[in-house]
Amino acid sequence: MGELLDFLGHVISGFFDGAPAKSRWRRWVERVLAGLAMALAALVIYRMCK
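Calculation notes
- Residue indices begin from 1 for each chain and proceed along its sequence in written order.
- In view of the model being predicted, local features appear only for residues whose pLDDT reaches at least 70, and side-chain atom pairs are presented and counted only at 80 or more, with totals across whole chains, interfaces and linings using the full set of residues.
- Hydrogens and waters are ignored; side-chain quantities use all the structure's heavy atoms.
- Here a strand is any run of E in DSSP of at least two residues, a helix any run of H or I of at least four, and the numbering for each starts at the N terminus.
- Exposure is judged per residue with a 1.4 Å probe applied to protein chains only, and the accessible area is read against the type maximum: over 50% gives exposed, under 20% gives buried, and values in between give partly exposed.
- Residue-level accessible areas treat just the shown protein chains as cover; the underlying method is Shrake-Rupley with a 1.4 Å probe.
- Put simply, a patch holds well-exposed residues, over 30% relative accessible area, that have no salt bridge, with like charges counted together within 9 Å and Val, Leu, Ile, Met, Phe, Trp or Tyr side chains within 5 Å.
- When a carboxyl oxygen of Asp or Glu lies within 4 Å of a side-chain nitrogen of Lys or Arg, that pair is called a salt bridge.

Draft legend 1. Main features of the overall build of the chain. When helices and strands are counted, the chain shows 2 helices and 0 strands. The buried share among the 50 residues of the chain stands at 16%. Of the roughly 4200 Å² of accessible surface on the chain, 67% is carried by carbon and sulfur atoms.

See below:
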């Protein structure tokens, strides 16, 4: 479980890295992946608290 949360944290932190060298397509893909990672993290936290 800890490894999953570490991975999700890494993906989400990559989303907030606003490097200007990234292409528009790569930024779009990172936003989608970050959104999925945040949704998965919310689901994991919800299951843990239930």
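Draft legend 2. Representation of a nonpolar patch on the surface within the structure. Where nonpolar side chains cluster on the molecular surface, the patch consists of L4, F7, L40, L43 and Y46 and spans about 470 Å² of accessible area. Top element by residues in the nonpolar patch is helix α2 (residues 24-49). It accounts for 3 residues. Its location among the elements puts L4 in helix α1 (residues 2-15). The class for L4 is partly exposed, based on a relative accessible area of 32%.

Draft legend 3. Up close: the environment of L36. With respect to the helices and strands, the residue L36 is situated in helix α2. A relative accessible area of 55% means that L36 is categorised as exposed. Remark: the alpha-carbon pair of L36 and L8, spanning 28 residues in sequence, is separated by 9.4 Å.

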